[in-house]
Structure formats: C-alpha cells, structure tokens
Amino acid sequence: MNILGVGAHFDDLELGCSGTLINHVEKGDTVIMLVVTNSAYHDENGKLVRSAEDAMQEGIHAAELIGARMICLEYATFEVPFNEDLTSKIHKVINDNKIDAIYSHWIHDIHRDHEFVGRCTLMAGRHVPRFLMYRSNHYDSIQAFPGNIYSDIS
C-alpha cells in the first residue's frame, strides 16, 4: 500500500501518527510524509524561535527514523491558505504516488494551519479509499475529537 501522512508543520505527523506510520513501514508499505509549511516560527515580538533550516533538519531526521520519504511544500507558518492552490498540490502528490490511504489533521483543530491543511487534504483525497484524521496536539476546540480508530504501537 502507498500511505500519505500530511502535516502542516514538522512535528505534526510525529506527534499525531508516527507510530502508525512506522507500523505501515514495518508491514512493507511505502510511506510519504507531506509537510505543508517550512515550520519557521517567530514569537509575538518577531524574534526567531525556530529557523526553517533547523525545522527541515529535524524533519529529515524524523522521516529517516520513521522510514518515510518526505515532501515539503514550504508555505510560511501561520499563512497556510484554504484554497485550490494548496488542494491541487496535495492532489498531485496523491495522484503521482497512487495513494491508498491518507492520515491528515482533524478538520476541527483550532490551529488554523492544521484546520486548513486538513480541509484541503480532505478535498484533494476525496477519492482515496481510506482517509483518517489524527490529532497532533490537544488544544481545546469547540468540537470534541471523536477518535474511534487506534493503532497498537506498543
């Protein structure tokens, strides 16, 4: 099977479903990690907290540990669009790699980057036979996360 994990930032897939992605790799599936932003981060005063270069190196290391191939779109953090441009880029990755299953952000995540990535991925992957959403962190939201599928990663 060809598996696509989609995250807004480096660390989202790792926090949300890395154990499941590792399980897929161990079963012989091909796993691709698609990261939408460059994951650079500045605090409210404009001070750099995490550079795009540092984030990329962390992401490369995580993909190596998981056993996945990584694709980066490099949108700016906090500037992920909810539009056809992003949806088309995700759709191209899905088609080019003949994806059988997708893991993406829960669309009701309160983090705007997570929500928009989840919604664009849902649209792009609407014909993929298996589409699962994960929660990468535990922000309070206006809707409870209805997790009902779990992977044994022990």
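Rules used throughout
- Residues numbered from 1 in each chain as written.
- Predicted model: local features only at pLDDT ≥ 70, side-chain atom pairs only at ≥ 80, totals over all residues.
- Heavy atoms only, no water.
- Helix = DSSP H or I, 4+ residues; strand = E, 2+ residues; numbered from the N terminus.
- Contact = heavy atoms within 4.5 Å.
- Salt bridge = Lys/Arg side-chain N within 4 Å of Asp/Glu carboxyl O.
- Buried < 20%, exposed > 50% of the residue type's maximum accessible area, 1.4 Å probe, protein only.
- Disulfide = S-S within 2.5 Å.
- Phe/Tyr/Trp six-rings, centres within 6.5 Å; stacked < 30°, edge-to-face > 60°.
- Patch = residues over 30% accessible without salt bridge, like charges linked within 9 Å, V, L, I, M, F, W, Y side chains within 5 Å.
- Areas by Shrake-Rupley, 256 points an atom, 1.4 Å probe, with all protein chains shown as cover.
- Core = buried A, V, L, I, M, F, W, Y, C linked by side-chain atoms within 4.5 Å.

Colleague: Looking at this structure, how should I read the side chain of Thr20?
Modeller: Considering the arrangement of structural elements, one finds Thr20 in helix α1 (residues 12–26). Filtering out sequence-adjacent residues up to four positions away, Thr20 remains in contact with Tyr103, Ser151 and Ile153.

Colleague: Explanation requested: the pattern of salt bridges in the structure shown.
Modeller: In a structure, side chains of opposite charge can pair up when their charged atoms sit close to one another. Tallying each qualifying case throughout the model produces 4 salt bridges. For Lys92, the salt bridge goes to Asp96, with nearest N and O atoms at 2.7 Å. One end of the pair is Lys92 and the other is Asp96, both in helix α3 (residues 84–96) and 4 residues apart, which spans about a single turn. According to the relative accessible area criterion, Asp96 is partly exposed, its value standing at 47%.

Colleague: What's the story with the state of the cysteines in this structure? I'm lost.
Modeller: Linking two cysteines covalently through their sulfur atoms gives a disulfide. A full pass over the atoms with the stated rule returns 0 disulfides. Cys17 takes part in no disulfide bond, and the closest cysteine sulfur, belonging to Cys72, lies 15 Å away. Looking at the unpaired Cys120, the closest cysteine sulfur is the one in Cys72, lying at 17 Å. Residue Cys120 is classed as buried on the basis of its relative accessible area, which comes to 1%.

Colleague: Please explain the packing of aromatic side chains as it appears in this structure.
Modeller: Geometrically, a pair of aromatic rings is defined through the distance of the ring centres and the angle of the planes. For the coordinates displayed, the defined rule picks out 2 aromatic pairs. Relative to Phe116, the ring of Phe82 has its centre 5.5 Å away and its plane inclined at 25°; by these criteria the two rings are stacked. Here Phe116 lies in helix α4 (residues 112–124) and Phe82 lies in the loop between β5 (69–75) and α3, a separation of 34 residues in the sequence. Residue classification places Phe82 among the exposed residues on the basis of a relative accessible area of 52%.

Colleague: Looking at this model, I keep getting lost on the environment of Leu73. Mind explaining?
Modeller: As for its position among the elements, Leu73 is in strand β5. For Leu73, a relative accessible area of 23% puts it in the partly exposed group. Linking Leu73 and Leu86, residues 13 residues apart in sequence, is a C-alpha distance of 9.0 Å. Contact partners of Leu73, with chain neighbours within four places excluded, come to Leu34, Val35, Val36, Leu86 and Lys89.

Colleague: Please clarify how a nonpolar patch on the surface should be interpreted in this entry.
Modeller: A cluster of nonpolar side chains, contributed by Tyr41, Val49 and Phe78, occupies part of the molecular surface with about 270 Å² of accessible area. Relative to the helices and strands, Val49 is located in strand β4 (residues 48–50).

Colleague: I tried to follow the nonpolar core on my own but got confused; where do I start?
Modeller: Considering soluble globular proteins, one finds that nonpolar side chains tend to be buried as a cluster. One finds Leu4 and Ile94 to be the most contacted residues of the largest nonpolar core, which totals 20 residues. For this core, the secondary structure elements donating two or more residues are β1 (2–7), β2 (30–37), β5, α3 and α4. When sequence neighbours within four positions are dropped, the list of residues in contact with Ile94 reads Leu4, Ile99, Ile102, Ala124, Gly125 and Val128.

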